[in-house]
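The primary structure of each chain is shown beneath.
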Amino acid sequence: MPQYKLAHPLYLDVQMMVSFLAYLEGGVYVSSEETLQKETLRGAGGASGPKLPSLGALLGHEASILRGADKHIGETAETKVARHHTAASLFNALYGFLHEDDAIAVLQSPEHLSQVSAGDFVRLSGRYTGNPLEELLAVFSQWVAYMEDMSQGVDGARTQKNKKSGNPQVRAAAQQESPLVETAEQFQHIVKSMEMRMIMKMKEELESCPVHDVVLETPEGVKAVLTVASEYYDDAVAEKLSSGDFSVLGKVTRILREGECVNLSRRTVMGKMGDDGESFAVTMANLAGFNLQSNEPLVRYPAVQILPMAIFV
């Protein structure tokens, strides 16, 4: 049984892929059409006139009937077949071409970093860890939504109890009956704080940015910061990539040296504040009560930055 090496891209920069393929092939055909003809002969002993349309004719086949001098009837069936390429099929074609032409450098271990430079086509495989800061803000936003519901429920229950009694002492005692009252009051204080407003602002900045920084780490310890385009990277793609092992094909845009790092909050105002921004990102990523798969918002050497064409399996 043949072993086909077919790649399924979960993230695919279609514009980059099509432009490279068009250059290499002198253009890209996304569809093609061909005509298939089949001719058969049968005796003329049957009925001489055309019969009801066959199943093939109903499906789009064209048939013509000709009488020959030898009392045989020739039937010619013509079928038009249209084939359409998908983005995934075009990627497999380009990936196969580059692989066969040995145009892709393998980048897996720290030793490989010295063998590549900015602009090289590279392929590496490893565990997708995403962006811990974006994950933290998403979890924090969900927590806020839960706490808002709880706070509203506590306030509603408190109002109902207050209405049932005209005695101030009874109303005060009723407020202490629920152990969630204190928690709800603390939450309302947090929501109004400057820190909370900064966190929600960072979340808005990251969500509205045209690109995202996500991380993939090879088993040998090389971290790749992938600058993915928001146009092709959405929540569904992020969920499919979560905590899996994938391959990346793309072009190198930066190779980190010893002592250098990439701040994953760099797309926000806080991330552009140099050392203060890095300290704030570290503090954010280590908030008590949130145990994420990676709490490190800074990607350090050995690491590389890649503009990915595809993240695939």
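Here is what the cut-offs are and how they apply
- Residues numbered from 1 in each chain as written.
- Predicted model: local features only at pLDDT ≥ 70, side-chain atom pairs only at ≥ 80, totals over all residues.
- Heavy atoms only, no water.
- Helix = DSSP H or I, 4+ residues; strand = E, 2+ residues; numbered from the N terminus.
- Buried < 20%, exposed > 50% of the residue type's maximum accessible area, 1.4 Å probe, protein only.
- Contact = heavy atoms within 4.5 Å.
- Areas by Shrake-Rupley, 256 points an atom, 1.4 Å probe, with all protein chains shown as cover.
- Salt bridge = Lys/Arg side-chain N within 4 Å of Asp/Glu carboxyl O.
- Polar contact = N/O pair within 3.5 Å; in protein donor to acceptor, adjacent residues only side chain to side chain.
- Patch = residues over 30% accessible without salt bridge, like charges linked within 9 Å, V, L, I, M, F, W, Y side chains within 5 Å.
- Axes fitted to C-alpha atoms, helices over the stretch in contact; angles between N-to-C directions.
- Parallel < 35°, antiparallel > 145°, perpendicular 65-115°, else oblique.
- Left-handed = near helix turned anticlockwise from the far one by under 90°.
- Nonpolar A, V, L, I, M, F, W, Y, C, P; charged D, E, K, R; others polar.
- Core = buried A, V, L, I, M, F, W, Y, C linked by side-chain atoms within 4.5 Å.

Colleague: Is there a simple way to explain the overall build of the protein in this structure?
Modeller: A tally of regular secondary structure across the protein gives nine helices and 12 strands. Considering the protein as a whole, with its 313 residues, one finds that 35% of them fall into the buried category. In the protein, 76% of the contacts between residues at least 6 apart in sequence involve partners at least 24 apart. With the model as given, the accessible surface of the protein reaches about 19100 Å², and the carbon-plus-sulfur share is 54%.

Colleague: Would you mind showing me how to read the pattern of salt bridges here?
Modeller: It is possible for side chains bearing opposite charge to pair when their charged atoms get close. Under the definition given, this model contains seven salt bridges. Of the charged contacts, one joins Asp 213 and Arg 267 as a salt bridge, the two residues approaching to 2.9 Å between their closest N and O atoms. In this pair, Asp 213 sits in strand E7 (residues 211–217) while Arg 267 sits in the loop between strand E10 (261–263) and helix H9 (275–285), placing the two residues 54 residues apart along the sequence. Residue classification places Arg 267 among the partly exposed residues on the basis of a relative accessible area of 25%. Residue Arg 257 pairs with Glu 260 through a salt bridge whose shortest N-O separation is 3.7 Å. Here Glu 260 falls in the partly exposed class, since its relative accessible area comes to 26%. Each of Asp 213, Arg 266 and Arg 267 takes part in salt bridges that share partners, so that together they form one network.

Colleague: Is there a simple way to think about the side chain of His 212 in this case?
Modeller: Within the secondary structure, His 212 sits in strand E7. Among the polar contacts made by the side chain of His 212, one reaches the side chain of Glu 134 at a distance of 2.9 Å. At 3.2 Å, the side chain of His 212 forms a polar contact with the side chain of Ser 230. Beyond its immediate sequence surroundings of up to four residues, His 212 is in contact with Glu 134, Leu 206, Leu 226, Thr 227, Val 228, Ser 230 and Tyr 233.

Colleague: What am I meant to see in a nonpolar patch on the surface here?
Modeller: A cluster of nonpolar residues, Tyr 23, Leu 24 and Phe 97, forms a patch on the protein surface that exposes about 340 Å² of accessible area. Following the sequence through the fold, Leu 24 ends up in helix H1 (residues 14–25). Relative accessible area serves as the criterion here: at 36%, Leu 24 is assigned to the partly exposed category.

Colleague: Sorry, what's going on with the packing of H1 against helix H3 (residues 87–100) here?
Modeller: How two helices pack is summed up by the angle between their axes together with the distance between the axes. Between H1 and H3, whose axes approach to 10 Å, the crossing angle comes to 55°. The orientation of H1 relative to H3 falls into the category oblique. When you trace H1 past H3, the crossing you get is left-handed. Contacts between H1 and H3 pair Val 14, Met 17, Phe 20, Leu 21, Leu 24 and Glu 25 from the former with Ala 87, Leu 90, Phe 91, Leu 94, Phe 97 and Leu 98 from the latter. Of the residues that constitute the contact of H1 with H3, the class distribution is 11 nonpolar, no polar and one charged.

Colleague: Sorry, what's going on with the nonpolar core here?
Modeller: Side chains that are nonpolar tend, in soluble globular proteins, to be buried together. In this structure, Tyr 11, Leu 226, Tyr 233, Leu 241, Ile 306 and Ile 311 are the most contacted members of the largest nonpolar core, which totals 25 residues. For this core, the secondary structure elements donating two or more residues are strand E1 (9–12), strand E6 (121–130), E7, strand E8 (223–229), helix H8 (235–241), strand E9 (245–255) and strand E12 (303–312). Looking at this core element by element, the count peaks at four residues for E8. Once residues within four sequence positions are removed from consideration, Leu 226 is found in contact with His 212, Asp 213, Val 214, Leu 216, Val 248, Ile 306, Pro 308 and Ile 311. Met 17, Leu 90, Leu 94 and Leu 249 belong to the second largest nonpolar core, which has 16 residues in total.

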